[in-house]
Protein chains: 2
Amino acid sequence: MGEEVKSLVVEEEMGVVESKEWYLVSYAPHGVPTTDHLKLRKVRLSIAPESIPDAHVAIEMLLFSVDPYLRGRFTGTLDGLYFPQFELNQVITIFGIGRVKRSNDSKYEEGDIVLSASFPVAEYCVMPSSEIDAKIDAASGISLPDYLSTLGVPGFAAWLGIEVVADPKPGSNVFISAASGGVGMIAGQLAKIRGCRVIGSTGSDEKVRLIKEEFGYDDGFNYKKEEDLDAVLSKFFPNGIDVYLDNVGGKMLESVLNHVNKFARIPLCGMISQYNQAWTEREGVRNLLNLVGKEVRMEGFLLKTHFNRFGDFAKEIEGHIKEGRLKPKTKINFGIESFLDSLNSLFSSSNIGKVVIQVNKA
Amino acid sequence: MGEEVKSLVVEEEMGVVESKEWYLVSYAPHGVPTTDHLKLRKVRLSIAPESIPDAHVAIEMLLFSVDPYLRGRFTGTLDGLYFPQFELNQVITIFGIGRVKRSNDSKYEEGDIVLSASFPVAEYCVMPSSEIDAKIDAASGISLPDYLSTLGVPGFAAWLGIEVVADPKPGSNVFISAASGGVGMIAGQLAKIRGCRVIGSTGSDEKVRLIKEEFGYDDGFNYKKEEDLDAVLSKFFPNGIDVYLDNVGGKMLESVLNHVNKFARIPLCGMISQYNQAWTEREGVRNLLNLVGKEVRMEGFLLKTHFNRFGDFAKEIEGHIKEGRLKPKTKINFGIESFLDSLNSLFSSSNIGKVVIQVNKA
């Protein structure tokens with residue numbers, strides 16, 4: 001992607017835009033990524049009609065979806081997540097929404113709002129139209145950030161975890177970690193819609209209040225204030241845990257395993273507490289024997305494996321949104337400059353809801 | 001059971017047998033169980049016709065099945081396995097085969113060979129006939145030890161792990177730990193019958209030779225001689241692991257997780273390396289993130305949940321035995337005195353195949 005972008009930088013004044021873009025300087029196997037790893041650069045990009053190749057479009061980026069999986073795309077190792085690695089010196093790519101500025105493909109015209117899972121993290125780009133995943137219907141009544149939240153990466157992850165992998169019955173005891181995050185806030189609401197009892201853990205008292213008052217969780221706790229996770233789980237789950245949607249791994253997963261019920265399901269959505277260490281430095285889970293005694297199924301899942309279910313997902317979620325059953329919360333950061341801080345905010349428990357970057361005005 | 005046995009001890013010389021039996025003195029939460037925990041005592045038991053209550057039978061025990069799960073029945077804690085605990089001062093119970101000596105139930109007559117999952121570990125007993133699980137057909141052509149091996153606890157565990165939980169395709173790369181043990185020897189053969197490539201780990205060079213020459217494993221290694229499990233798994237699984245039947249847990253499970261393929265299945269049959277420690281002392285598994293990146297399903301299972309499949313299992317296995325495709329190996333220890341040593345031999349990697357105790361001559 002990056003090479004194409006650069007090759008299109010021309011010096012004509014007419015139809016040329018300045019575009020800032022994030023590219024990979026070096027891999028960050030462990031620790032918090034910094035500007036030693038990801039850097040912003042400015043390029044000049046022609047979006048004049050004659051410089052758009054056949055079957056290409058020029059896009060003005062509007063919104064980017066900032067998700068934890070991105071961390072796994074520039075570790076330079078494959079340990080654990082096995083995501084394809086971004087290439088050095090190339091612009092990194094991301095899920096987002098853009099507006100078509102120029103089109104050399106009859107399927108798209110200027111002003112179309114489009115979604116792609118592989119937009120460059122840039123203000124503008126010229127890209128093959130085949131990389132567009134969907135056109136957004138302006139008359140849908142659904143807000144653009146919703147397409148990156150309830151209808152986007154975290155929504156699809158939450159739906160797969162709750163509805164496909166866990167599939168809880170009404171009345172099941174459901175526990176969700178990172179409960180106020182992008183996935184957690186949606187997963188909790190989906191489990192409530194199914195009639196489950198839903199408890200969440202999150203990283204501040206304010207977020208505990210929020211998951212109860214805005215996302216409809218039955219209860220929740222601030223794990224940072226709890227010294228004894230076993231005790232707090234005993235308190236909130238006197239009848240045990242039937243479903244644990246794991247977003248964090250490590251000690252929380254270990255504690256949950258001491259409280260699982262017979263035939264519990266543990267969809268593994270991610271393990272955000274463990275992404276910034278080498279695997280040998282990660283917290284070992286010592287009580288996996290509970291999986292035997294309680295006949296528990298623990299199962300990892302990735303979104304792309306289930307893309308054939310995206311239509312079912314979107315249909316269900318659109319219904320929930322339109323009937324007011326599903327209320328996402330979005331943290332919007334402004335300007336492409338905010339990308340690195342936005343990404344790191346996912347790991348510091350400092351934000352609420354889905355993190356989105358607004359690059360240009362919609 | 002024990003109280004009934006004792007209440008039936010009478011002093012009549014006619015119809016009275018001496019019977020030695022193992023009973024629980026104290027729970028053994030950790031470590032190797034000793035005669036501090038399990039003790040042998042001698043009782044006198046009347047098996048005269050008039051002392052057999054209605055719907056009861058007197059049984060002369062022939063064979064006992066010694067299986068790792070027994071260790072979980074006298075820890076006095078529920079950590080991990082959650083098996084019902086044997087009661088203090090009571091005779092412990094076990095899967096075995098006995099011969100009916102007296103019957104006060106028209107369904108059974110003297111000489112019948114019967115199976116039960118809850119025989120007392122005794123030389124003789126009087127028990128309700130409702131506790132008999134099956135009568136063995138002497139004309140079946142199947143040896144009695146086979147009913148405790150391929151057709152018993154380890155056979156059913158192996159069948160559930162391979163055929164029900166893992167369900168591998170022909171050509172799948174299958175790894176089995178404790179490969180020469182009761183479960184492993186059968187699981188390996190079942191996976192070979194399915195057309196898989198099967199590698200086993202076991203605890204001596206002699207057992208490596210055995211799993212290849214007698215059980216048909218494609219290859220195997222002696223884990224005690226390997227300092228670097230990752231390296232040895234790389235060598236034996238250049239194309240990764242599709243199915244791991246885990247009988248041991250701990251470091252072996254952790255190493256396997258670094259070699260799993262996309263959508264691998266890990267049926268958790270048991271974790272024998274971890275039974276003699278408190279859970280906080282067990283080996284932590286640090287790389288569960290692989291379950292996410294490789295979308296692996298790890299799932300514990302217990303036999304009693306699947307008893308509705310026992311008929312399917314027995315029919316398939318009898319076919320394999322009669323056509324010579326499944327060849328078990330049995331280690332027979334003689335005399336009820338050998339019970340404690342037989343049980344401990346399961347944890348010291350000192351035996352090959354299924355461990356059975358022969359109490360009286362069949």
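No experiment lies behind these values; they were computed from the predicted model shown.

Rules behind the numbers
- Along each chain, numbering runs from 1 in the same order as the chain's sequence is written.
- Chain letters and ligand numbers both follow the written order, the letters beginning at A and the numbers at 1.
- Predicted model: local features are reported for residues with pLDDT of at least 70 only, side-chain atom pairs are reported and counted for 80 or more only, and whole-chain, interface and lining totals are derived from all residues.
- Derived side-chain values reflect all non-hydrogen atoms in the structure, with water molecules and hydrogen atoms excluded from consideration.
- By this definition, two strands are paired if DSSP reports at least two bridges between them.
- Strands here are runs of E lasting at least two residues and helices are runs of H or I lasting at least four, both read from the DSSP assignment and numbered beginning at the N terminus.
- The handedness rule is simple: strands pointing away from the viewer, and a clockwise path from the first strand over the helix to the second, make the crossover right-handed.
- Here the copies were fitted onto each other by least squares, based on C-alpha atoms from residues at pLDDT of at least 70 in both.
- Residue contacts follow a heavy-atom distance rule, with two residues in contact if any of their heavy atoms lie within 4.5 Å.
- Throughout the structure description, domain borders are defined by an automatic or database domain assignment.
- The term buried area means the drop in 1.4 Å probe accessible area that two parts suffer when joined, counted for both and summed.
- Contacts described as polar in this section are N or O atom pairs within 3.5 Å, which, within protein, must combine one atom able to donate a hydrogen with one able to accept it, while residues neighboring in sequence count only if both atoms come from side chains.
- Asp, Glu, Lys and Arg are counted as charged, while Ala, Val, Leu, Ile, Met, Phe, Trp, Tyr, Cys and Pro are counted as nonpolar; the rest, among them Gly, fall into the polar class.
- Throughout, an axis means a line fitted to C-alpha atoms (over the contacting stretch in the case of helices), and angles, computed between N-to-C directions, take values from 0 to 180 degrees.
- By nonpolar core is meant a set of buried Ala, Val, Leu, Ile, Met, Phe, Trp, Tyr and Cys residues that side-chain atoms within 4.5 Å join together.
- Relative accessibility decides the category of a residue: with a 1.4 Å probe and only protein chains considered, values under 20% of the type maximum give buried, values over 50% give exposed, and everything between is partly exposed.
- The rule for a salt bridge is simple: a side-chain nitrogen of Lys or Arg has to be within 4 Å of a carboxyl oxygen of Asp or Glu.

Asks: Tell me what's going on with the pairing of strand S10 (residues 219-222) of chain A, and back it up with residues and numbers.
Replies: All names here are of chain A. Pairing of strand S9 (residues 197-202) with S10 involves four bridges; the strand directions are parallel. Following the sheet pairing, Ile-199 is matched in S10 by Asp-219. Following the chain from S9 across helix H5 (residues 205-213) to the adjacent parallel S10, one finds a crossover that is right-handed.

Asks: Describe the relation of the copies chain B and chain A, listing the residues and the values that go with them.
Replies: For the pair chain B and chain A, the superposition axis carries a translation of 0.0 Å, the fit reaches an RMSD of 0.0 Å, and the rotation angle comes to 180°. Look at the turn and shift together and you get a two-fold axis relating the two. Considering only C-alpha atoms, the part of chain B nearest the rotation axis is Gly-284 of chain B, at 1.9 Å. Interface overlap between copies is the fraction of interface residues in one copy that are interface residues in the other; for chain B against chain A it reaches 100%, indicating a shared surface.

Asks: Explain the side chain of Glu-163 of chain B residue by residue, including any values.
Replies: Looking at where Glu-163 of chain B falls in the secondary structure, it is placed in helix H3 (residues 153-166). Setting aside residues up to four positions removed in sequence, Glu-163 of chain B forms contacts with Ala-158, Leu-190, Arg-194 and Glu-316 of chain B.

Asks: With reference to specific residues and values, describe the domain arrangement of chain A.
Replies: Residue and element names in this part refer to chain A. Examined at the domain level, chain A breaks down into domain 1 (2-141 + 330-358) and domain 2 (153-304). Taking only C-alpha atoms, the centre of domain 1 and the centre of domain 2 are 31 Å apart. In this assembly, 21 residues from domain 1 lie in contact with 20 residues from domain 2. Summing the contributions of domain 1 and of domain 2, the shared interface buries around 1600 Å²; its carbon and sulfur component is 63%. Considering only the side of domain 1, the residues that lose the most area to domain 2 are Asp-79, Ser-349 and Ile-352, jointly responsible for 29% of the buried surface there. At the junction of domain 1 and domain 2, the tally comes to one residue pair in polar contact (both at pLDDT 80 or more). Broken down by class, the residue content of the side of domain 1 that touches domain 2 amounts to nine nonpolar, eight polar and four charged.

Asks: Describe in detail the sheet that holds strand S9 (residues 197-202) of chain B, supporting the description with residues and values.
Replies: Within the open sheet, the 12 strands sit side by side as S10(A)-S9(A)-S8(A)-S11(A)-S12(A)-S13(A)-S13(B)-S12(B)-S11(B)-S8(B)-S9(B)-S10(B). Their pairing is mixed. Of all the strands in the sheet, just S10 of chain A together with strand S10 (219-222) of chain B have a single pairing partner and so form its edges. The sheet shows a mean angle of 15° between the axes of neighbouring strands, taken without regard to direction. Bridge analysis of strand S8 (residues 173-176) of chain B against S9 of chain B gives four bridges, and the strand direction is parallel.

Asks: I'd like to hear about the nonpolar core, residue by residue, with values.
Replies: Phe-175, Leu-288 and Met-298 of chain A together with Phe-175, Leu-288 and Met-298 of chain B are the most contacted members of the largest nonpolar core, which has 62 residues in total. Apart from the residues within four sequence positions on either side, Met-298 of chain A is in contact with Leu-253, Ile-266, Leu-268, Leu-288 and Leu-291 of chain A together with Leu-288, Leu-291, Val-296, Arg-297 and Met-298 of chain B. Judged by nonpolar contacts, the second largest core, of 47 residues, contains Val-153, Ala-166, Val-198 and Leu-210 of chain A.

Asks: Any chance you could break down the pattern of salt bridges for me, citing the residues and the numbers?
Replies: Pairing between side chains becomes possible if they bear opposite charge and their charged atoms approach one another. The final tally for this structure, using the stated rule, is 42 salt bridges over all chains. With a closest N to O distance of 3.4 Å, Lys-135 of chain A and Asp-112 of chain A form a salt bridge. Here Asp-112 of chain A lies in the loop between strand S4 (93-103) and strand S5 (113-120) and Lys-135 of chain A lies in strand S7 (residues 134-135), a separation of 23 residues in the sequence. Residue class for Asp-112 of chain A comes out buried when judged on its relative accessible area of 14%. Among the ionic pairs, Arg-209 of chain B bridges to Glu-206 of chain B, the shortest N-O distance being 2.9 Å. Of the two residues, Arg-209 of chain B and Glu-206 of chain B are both situated in helix H5 (residues 205-213); the distance of three residues between them amounts to about one turn of the helix. Of the residues examined, Arg-209 of chain B reaches a relative accessible area of 33% and is grouped as partly exposed. Residue classification places Glu-206 of chain B among the partly exposed positions, given a relative accessible area of 41%. What you see here is one network of salt bridges that share partners, running through Lys-20, Glu-123 and Glu-337 of chain A.

Asks: A description of the interface of chain B and chain A should follow, citing residues and the corresponding values.
Replies: On the chain A side, the residues contacting the 41 residues of chain B number 41 residues. For the pair chain B and chain A, the summed buried area comes to about 3500 Å², and 63% of that belongs to carbon and sulfur atoms. When residues of chain B are sorted by the area they lose upon contact with chain A, Trp-279, Arg-286 and Leu-289 of chain B head the list and together hold 21% of the total. Between the two partners, chain B and chain A, sit two salt bridges. Summed over the shared surface of chain B and chain A, the number is 14 residue pairs in polar contact (both at pLDDT 80 or more). Elements supplying a minimum of two residues to the side of chain B that touches chain A: helix H7 (250-257), strand S12 (260-268), helix H8 (289-293) and strand S13 (297-300) of chain B. In terms of residues, the side of chain B that touches chain A owes the most to one element, H8 of chain B, which gives five residues. In the side of chain B that touches chain A, the residues fall into 19 nonpolar, 11 polar and 11 charged. In this sheet, S13 of chain B lies alongside strand S13 (residues 297-300) of chain A in antiparallel orientation, the contact comprising three bridges. Its bridge partner lying in S13 of chain B, Met-298 of chain A is registered against Met-298 of chain B.

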